[in-house]
Amino acid sequence: MRVYIPATFGMLQALQDNGLLHARSGWGFSATKALQEFFTSGDLEEIEDVAFDDAALASLRLLAIGDEERFPHRRVVISVDVDATEAPDMGESVVKLSGPVNLEDVAAIHVDIKESEEATAKAIEVVDAADLGDEDAELTVGDAQDNYMAFYHPDELAFLLELL
């Protein structure tokens, strides 16, 4: 199953150092049956985009914790191919991983580009208000969510960490 794991640069560094990715609390996002049933139209690729966006939003929440030293305003989503258990009571796209993910199971790494940092920084400040229904905050978070995330092959991880 393709699973999208919300992450940070610190998590990318740990993946490089240890060959393992520990998803925060073991959660990820996928085009689950519940998500597919929720949407009455759209193909699988469009539904996977929804799961990816859920992971990107969760990455924003990880950044909101405020403990990220390197690139505190860049979302990271790591696409992996692993078994996972659907958890529809947590959300239609939510899955529970059975444990850490091995580097060889990583299919792709997605990172906000430099030009996205300002919008991401603003979204970090208001993500909680957006969750509570503040319309202006929702628009600010939406602006960050609309930004392009660059794609990197897993073989590029060391270069990504070194050169950015």
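Residues numbered from 1 in each chain as written. Predicted model: local features only at pLDDT ≥ 70, side-chain atom pairs only at ≥ 80, totals over all residues. Heavy atoms only, no water.

The chain is annotated in an unreviewed UniProt entry as Transcriptional regulator from Corynebacterium coyleae.

## Comments concerning the overall build of the chain
As a reminder of what qualifies: Where helices and strands are cited, they refer to DSSP runs of H or I of at least four residues and of E of at least two residues respectively, numbered from the N terminus. The globule rule is 2.2 Å times the number of residues to the power 0.38, and the radius of gyration it is compared with is taken over C-alpha atoms. Only protein chains enter the accessibility calculation, which uses a 1.4 Å probe. A residue is then buried if its area is under 20% of the maximum for its type, exposed if over 50%, and partly exposed in between. Two residues form a contact once any of their heavy atoms are found within 4.5 Å. Residue-level accessible areas treat just the shown protein chains as cover; the underlying method is Shrake-Rupley with a 1.4 Å probe.
Along the chain, the regular secondary structure elements total six helices and nine strands. Against the 2.2 N^0.38 benchmark of 15 Å for 164 residues, the chain shows a C-alpha radius of gyration of 15 Å, consistent with a compact globule. With respect to the three principal axes, the spread of C-alpha positions in the chain is 40 × 35 × 25 Å. In the chain, buried positions account for 43% of the 164 residues. Of the contacts made within the chain by residues no fewer than 6 positions apart, 77% connect residues no fewer than 24 positions apart. In the structure as shown, the chain presents an accessible area of about 8800 Å², 49% of it carried by carbon and sulfur atoms.

## Some remarks on the pattern of salt bridges
Selection rule: Salt bridge, as used here: a side-chain nitrogen of Lys or Arg that lies within 4 Å of a carboxyl oxygen of Asp or Glu.
Under the criterion given, the structure shown has five salt bridges. Salt-bridge contacts for Asp112 lead to Arg75; the nearest nitrogen and oxygen are separated by 2.7 Å. Taken together, the residues Asp112 in strand 8 (residues 106-112) and Arg75 in the loop between helix 3 (44-64) and strand 4 (76-81) connect sequence positions 37 residues apart. Across the pair, Arg75 and Asp112 agree in class, each one buried.

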